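# Architecture at a glance
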Amino acid sequence: MNIEPRCWYAAVDWASEKHDIAVTDQVGKLLGRLQVKHSGEGLARMVDWLVASTGSVPGDIHVAIEVPHGPIVDTLIEHGFNVYSINPKQVDRFRDRYTVAGAKDDSRDCDAMASALRTDRHCFRLLSLRNPMLIELQEWSRMYEEHGNDLRRYVSRLREQLLRYFPAFLALDGELGADWKLALLECAPTPRSAATLSRLRVTKILQRNRTRGKDVGEILAVLQQQAVITSPGTTKAAAAHVAALLASIRLTKQLVKDAKVHIKSITDRLLDPDTDHGEAAPGTCVSSTEPTSIARDAAILLSFPGIGRLNLATLLTEASDCLTARDYKALRCLGGVAPVTKQSGKSRYVVQRWACNKRLANALLHWARVAVRHDPASRDKYQALRARGKSWPRALRAVADRLLYLACAALKSGTLYNPDLAGKNLLVNR
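Residues numbered from 1 in each chain as written. Predicted model: local features only at pLDDT ≥ 70, side-chain atom pairs only at ≥ 80, totals over all residues. Heavy atoms only, no water.

## Concerning helix α12 (residues 308-318)
Across the 11 residues that make up α12, a large majority, 8, are buried. For α12, the elements touching its buried residues are α5 (132-165), α10 (234-271), α11 (293-302), α13 (320-325), α14 (328-334) and α15 (358-374). (Buried < 20%, exposed > 50% of the residue type's maximum accessible area, 1.4 Å probe, protein only. Helix = DSSP H or I, 4+ residues; strand = E, 2+ residues; numbered from the N terminus. Contact = heavy atoms within 4.5 Å.)

## Thoughts on the pattern of salt bridges
Taken as a whole and judged by the stated rule, the model has 21 salt bridges. Among the salt bridges present, the one from Asp268 reaches Arg309, with a minimum N-O distance of 2.7 Å. A residue pair is termed long-range when its members are at least 10 positions apart, and Asp268 in helix α10 and Arg309 in helix α12 qualify at 41 residues. With a relative accessible area of 23%, Asp268 lands in the partly exposed category. As a salt-bridge pair, Arg326 and Asp297 come within 2.8 Å of each other at their nearest N and O atoms. Taken together, the residues span a long stretch of sequence, with Arg326 in the loop between α13 and α14 and Asp297 in helix α11 at a distance of 29 residues. As far as the burial class goes, Arg326 and Asp297 line up, both buried. A single network of salt bridges, built from pairs that share partners, joins Asp92, Arg93, Arg95, Lys104 and Asp109. (Salt bridge = Lys/Arg side-chain N within 4 Å of Asp/Glu carboxyl O.)

## Some words on the pairing of strand β8 (residues 347-351)
Across 5 bridges, strand β7 (residues 340-344) lies against β8 in antiparallel orientation. When the bridges of β8 are listed, Ser344 appears paired with Ser347. Taken together, β7 and the strand that follows it, β8, pair antiparallel across an intervening segment of 2 residues, in which Gly345 is found at a positive phi of about 65 degrees. (Pairing = 2+ DSSP bridges.)

## Concerning unusual backbone geometry
A positive phi angle is found at Arg210, which is not glycine, with a value near 55 degrees. Following the sequence through the fold, Arg210 ends up in the loop between α8 (199-208) and α9 (216-223).

## Re the packing of aromatic side chains
Summed over the entire model, instances satisfying the criterion amount to 6 aromatic pairs. When the ring of Phe94 is compared with that of Phe124, the centres are 6.1 Å apart and the planes differ by 70 degrees; the resulting orientation is edge-to-face. Placement of the pair is Phe94 in helix α3 (residues 88-94) and Phe124 in the loop between α4 (106-119) and β6 (125-126), with a sequence separation of 30 residues. A residue is classified by how much of its surface remains accessible, and Phe94, at 17% relative accessible area, is buried. Residue classification places Phe124 among the buried residues on the basis of a relative accessible area of 8%. Between Phe304 and Trp367, the aromatic rings sit 6.0 Å apart at their centres with planes inclined by 85 degrees, giving edge-to-face as the arrangement. Of this pair, Phe304 sits in the loop between α11 and α12 while Trp367 sits in helix α15, placing them 63 residues apart in sequence. Ring pairs connect the aromatic residues Tyr165, Phe166 and Phe169, which therefore count as one cluster. (Phe/Tyr/Trp six-rings, centres within 6.5 Å; stacked < 30°, edge-to-face > 60°.)

## Description of the sheet that holds strand β5 (residues 82-85)
In sheet architecture, strand pairing relies on hydrogen bonds along the backbone and comes in two forms, parallel and antiparallel. Ordered in space as β3-β2-β1-β4-β5-β6, the 6 strands form an open sheet in which the pairing is mixed. Strands with a single pairing partner mark the edges of an open sheet, and in this sheet they are β3 (30-37) and β6. Bridge analysis of β5 against β6 gives 2 bridges, and the strand direction is antiparallel. Paired with Tyr84 across the bridge in β6 is Leu126. With respect to the sheet, helix α1 (residues 40-54) is in contact with β1 (8-13), β2 (18-24), β3 and β4 (61-65), its orientation differing from that of β3 by roughly 170 degrees. (Axes fitted to C-alpha atoms, helices over the stretch in contact; angles between N-to-C directions.)

## Considerations on the layout of surface pockets
For the largest pocket, the calculated volume is near 1600 Å³. Lining the largest pocket are 40 residues, with Pro68, Ser85, Arg125, Leu334 and Asn357 sitting closest to its centre. Listed by contribution, the elements that provide at least two residues to the lining of the largest pocket are α2 (71-78), α3, α5, α12, α13, α14 and α15. Partitioning the lining of the largest pocket into residue classes produces 18 nonpolar, 10 polar and 12 charged. Put simply, the second largest pocket is a space of about 400 Å³. Contributing to the lining of the second largest pocket are 19 residues, with Tyr144, Glu145, Leu310, Asn311 and Thr314 lying nearest its centre. If you list the elements that add at least two residues to the lining of the second largest pocket, you get α5, α12 and α15. The greatest single-element share of the lining of the second largest pocket, amounting to 6 residues, is contributed by α5. Broken down by class, the residue content of the lining of the second largest pocket amounts to 7 nonpolar, 9 polar and 3 charged. (1 Å grid on protein atoms, 1.4 Å probe; cavity = no way out; pocket = protein on both sides within 12 Å on 5 of 7 lines; lining within 4 Å. Points joined across faces, edges and corners; volume = space filled by probe spheres on them. Nonpolar A, V, L, I, M, F, W, Y, C, P; charged D, E, K, R; others polar.)

## So, the nonpolar core
Counting residues in hydrophobic clusters, the biggest one holds 45 residues, and the most contacted among them are Leu137, Leu301, Phe304, Leu316, Leu364 and Trp367. It is helix α17 (residues 392-413) that provides the largest number of residues to this core, a total of 12 residues. Ignoring any residue separated from it by four or fewer positions in sequence, one finds Phe304 in contact with Trp367, Leu403, Leu406, Ala407, Ala410 and Tyr417. The next biggest cluster of nonpolar side chains, apart from the first, holds 32 residues, and it includes Val155, Leu158, Ala194 and Leu245. (Core = buried A, V, L, I, M, F, W, Y, C linked by side-chain atoms within 4.5 Å.)

## Focus: the packing of helix α6 (residues 179-187) against α8
Running from amino to carboxyl end, α6 crosses α8 at an angle of 145 degrees, the nearest separation of the two axes being 9 Å. As α6 runs across α8, the sense of the crossing is right-handed. Packed against α6, whose contacting residues are Trp180, Ala183, Leu184 and Cys187, the element α8 presents Arg201, Val202, Ile205 and Leu206 at the interface. Split into classes, the residues belonging to the contact of α6 with α8 amount to 7 nonpolar, no polar and 1 charged. (Left-handed = near helix turned anticlockwise from the far one by under 90°.)

## Description of the pairing of β2
Burial runs high along β2: 6 of the 7 residues are buried. Strand direction decides the pairing type here: β1 and β2, joined by 5 bridges, are antiparallel. Bridge pairing in β2 links Val12 to Ile21. Hairpin geometry of β1 and β2 is characterised by an intervening segment of 4 residues between the two adjacent antiparallel strands. As defined by bridge partners, β2 adjoins β3 across 7 bridges and the pair is classed as antiparallel. Residue pairing across strands places Ala22 opposite Arg33, the latter belonging to β3. Hairpin connection, β2 to β3: the antiparallel pair is bridged by 5 residues, and Gly28 has positive phi, about 95 degrees.

Right, here's the structure in full:
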């Protein structure tokens, strides 16, 4: 007869200033409640209270929380508690166990999470402390994305201002956020100043920004078009706004470059600069003398076509648990490439999965898009799906799904990507 070891179930409803905690025994009896401030002293008090309330050791206490990271999670894991992440949507469903009227408060949320963990612990993810290098890599990866989003917003605002008084500038070829365009606009922020530009001045701007293939005469012809008529003060006000936006764009572009440099530096450290994995023959085993399993995983993933350092950083940080477990099913759900089937009675339809990690989903689509251009097997699968009438995003998700399957297989076997074997496993109808 197997006797389950005695254990306790707790839940933390976290907030920015205070946290509510509840703890129950293994049959669901409430042992106590506590509210602590978000501070070092408050979190230490929480740990001591959990141990005192149960009279047990931290390893026998299972704690549920809605976030998979943060100082609360780090504190609990550091002291040996078993911490589980529960999605807020799941908490909302479990709340109906206690009320169907839609009532909500922090103590009821604690009861719902502790009860859910007690009855359905196998459905939730056990958290663990991550490698410090992965934490650093994730921070720079997210900063890179945030700065990129900021840059696009600033460029859009710049376009709006130019439409007010200087639409001719938008007729120039190339991206509006290009360095040579920013320098040109800084030199001639208004139609009147642009009309006085000389060929020599424009040539120097192009040379300084290492821009080739641009005809100086065509640029001057565009800038010296007849200016639009604006109300008094509009040009001066909009030009001042443009000057401020130019400073913001330059700063943000530099932040994007710095983040990219840091991502490359961290991934180089992960890959071990003394060993060149990129020159290993396809299908050969990666050396087992690598310092960590993360280094082996990074080398294997980077051997796949189309992934790149930025996508590698996103995969390693946003899906670290799934990659460590080599869990293909969890990985494809987390990345949004696994479809969702809804069936009731005679009705059955399949829709795109929206409940996923958006950063990981974008990285997988970008990986698939580049792989279609450089990998024959991925290109064949993409073209076959398009020929069957599948949309561009749907075909890319299928390519990404196949790449994830191959990546998990390569991680399990510890081998680099082999295009010959991958071509044999091309399942168009999969």
